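Observations on the model geometry
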Amino acid sequence: MGFSDRKSLIPNFLYSTTSASSSKNVSTAMDGSSQPSISPSSSQMTEKSFLIPAPKEGSGYKVEMYSPAFYAASTVGGILSCGLTHTAVTPLDLVKCNMQIDPAKYKSISSGFGVLLKEQGVRGLFKGWAPTLLGYSAQGACKYGFYEYFKKYYSDLAGPENAVKYKTLIYLAGSASAEVIADVALCPFEAVKVRVQTQPGFARGLSDGLPKIVKAEGVAGLYKGIVPLWGRQIPYTMMKFASFENIVEQLYKHVIPTPKDQCSSTMQLGVSFAGGYLAGILCAVVSHPADNLVSFLNNAKGATVGDAVNKLGLWGLCTRGLPLRIFMIGTLTGAQWGIYDSFKVFVGLPTTGGAPPAAQK
């Protein structure tokens, strides 16, 4: 089947909150034909854009799918979901980083908070909030915006039937592609954040920490952690998006007694948070060894991956700070999907994920 004969779509179940008959109408509108199939002689077909209806309690606005407004909404939703949540858990992240760097001093979560409060006070618990806010806002913009783009792009390449059949592979490929770009935006801010949080007296924050690194190590110093950052974030994001999409699908299929299109916005957002939290637990386990590497390399000037393995050991790389990170990432990921889908509902888009349509005979 030629590219021109192909339905340009992400599988309808990813976004459509309408009934099966409505989905058929949407496909018909996209095809510009009253027939469900596309004939080879469809050169006279006129493309029609379609609007996704807002859920019942939505804002009333409507956004055309795959339009500039759609990708702009995804980008803004990503900024809000990642920037706000990562900044909110700065105290947890601060304790986690210090436990990874100096486990003799920061022996546990509770003692870590105690040491920080004693030495730096309550204000010290939010050290590094500025690079966290800006860095993860930039990352979130690229992560969610490009995920929607690549998911559409890879689905078009696969074609309608394969897009449904291999949907998980599309989630994985789309999220990995998006994260490669997102980490380029995040890396300089992450380098500053880790040093501000783990090296007393290095800098007060982003405004003096960033130029200090550039002066000492050049711009390359801001990106020396990019490879381990990719090693941490790409598996994390692949797990985050693919597991979330599949968990939400299973929740609607086996747990929620009401079909998604009949659920209220509140119910749909609750499913988004629950699916996000469960996905976050898996994300934390998969990406934790690389997270330890990022903290070690950004803290120790001139250190290598081999140095980190020798000092921490393989078991230490996989487990040091893991319980706290599971709690932090689970909460973080659940909140991120809740915020992202809340913004989608606000602008007139349905929440992410849902049960696939019945197979057509």
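About the thresholds
- Residues numbered from 1 in each chain as written.
- Predicted model: local features only at pLDDT ≥ 70, side-chain atom pairs only at ≥ 80, totals over all residues.
- Heavy atoms only, no water.
- Helix = DSSP H or I, 4+ residues; strand = E, 2+ residues; numbered from the N terminus.
- Polar contact = N/O pair within 3.5 Å; in protein donor to acceptor, adjacent residues only side chain to side chain.
- Phe/Tyr/Trp six-rings, centres within 6.5 Å; stacked < 30°, edge-to-face > 60°.
- Buried < 20%, exposed > 50% of the residue type's maximum accessible area, 1.4 Å probe, protein only.
- Salt bridge = Lys/Arg side-chain N within 4 Å of Asp/Glu carboxyl O.
- Core = buried A, V, L, I, M, F, W, Y, C linked by side-chain atoms within 4.5 Å.
- Contact = heavy atoms within 4.5 Å.

Moving on, we get to the side chain of Asp156. If you trace the backbone, Asp156 turns up in helix α5 (residues 129-158). A polar contact is formed between the side chain of Asp156 and the side chain of Lys152, at a distance of 2.6 Å.

Before going further, it helps to spend a moment on the packing of aromatic side chains. Taken as a whole, this structure holds 17 aromatic pairs when the rule is applied. Both rings, one in Tyr71 and one in Tyr149, keep their centres 6.2 Å apart while their planes meet at 65°; by these two values the pair is edge-to-face. You can see Tyr71 sitting in helix α2 (residues 68-88) and its partner Tyr149 sitting in helix α5, a full 78 residues away along the chain. For the ring pair Phe343 and Phe346, a centre distance of 6.4 Å and an interplane angle of 35° mean the geometry is tilted. Of the two residues, Phe343 and Phe346 both sit in helix α12 (residues 322-347), three residues apart, roughly one turn of that helix. Judged by its relative accessible area of 47%, Phe346 is partly exposed. An aromatic cluster of three or more residues is present, and its members are Tyr66, Phe70, Tyr71, Phe146, Tyr149, Phe150, Tyr153 and Tyr154.

Our next topic: the pattern of salt bridges. Enumeration according to the criterion identifies 14 salt bridges in this entry. In this structure, the salt-bridge partner of Glu179 is Lys143, at a minimum N-O distance of 2.8 Å. Within this pair, whereas Glu179 is found in helix α7 (residues 167-198), its partner Lys143 is found in helix α5, the two being separated by 36 residues in sequence. Exposure class is identical for Glu179 and Lys143. Each is buried. The partner of Glu190 in a salt bridge is Lys193, with the nearest N and O atoms 4.0 Å apart. Remark: Lys193 and Glu190 occur in helix α7; sequence separation between them is three residues, near one turn of the helix. On the basis of relative accessible area, Glu190 is assigned to the buried category, the value being 3%. Three or more residues are tied together by salt bridges with common partners; here these are Asp93, Lys96, Glu190, Lys193, Arg232, Asp291 and Arg325.

On to the nonpolar core. Within the largest apolar cluster, 19 residues are counted, with the highest numbers of intra-cluster contacts made by Tyr144, Tyr252, Val271 and Trp337. Looking at this core, the elements that each hand over two or more residues are α5, α7, α9 (226-255), α10 (265-299) and α12. Take this core: its biggest share by element is seven residues, from α9. One finds Val89, Leu94, Cys283 and Leu324 within the second-largest nonpolar core, a separate group that totals 16 residues.

This part takes up the side chain of Thr87. Inspection of the secondary structure puts Thr87 in helix α2. Residue classification places Thr87 among the buried residues on the basis of a relative accessible area of 18%. Within the structure, Thr87 has its side chain in polar contact with the backbone oxygen of Gly83 (distance 2.7 Å). In this structure Thr87 touches Phe126, Trp129, Thr132 and Leu133, once residues within four positions along its chain are discounted.

The next point concerns the environment of Asn246. By the secondary structure assignment, Asn246 is in helix α9. Note on Asn246: relative accessible area 21%, which makes it partly exposed. Note: C-alpha distance between Asn246 and Gly353 (107 residues apart in sequence) is 7.6 Å. Those residues within four positions of Asn246 in sequence are excluded, and the remaining contacts are Lys167, Thr168 and Tyr171.

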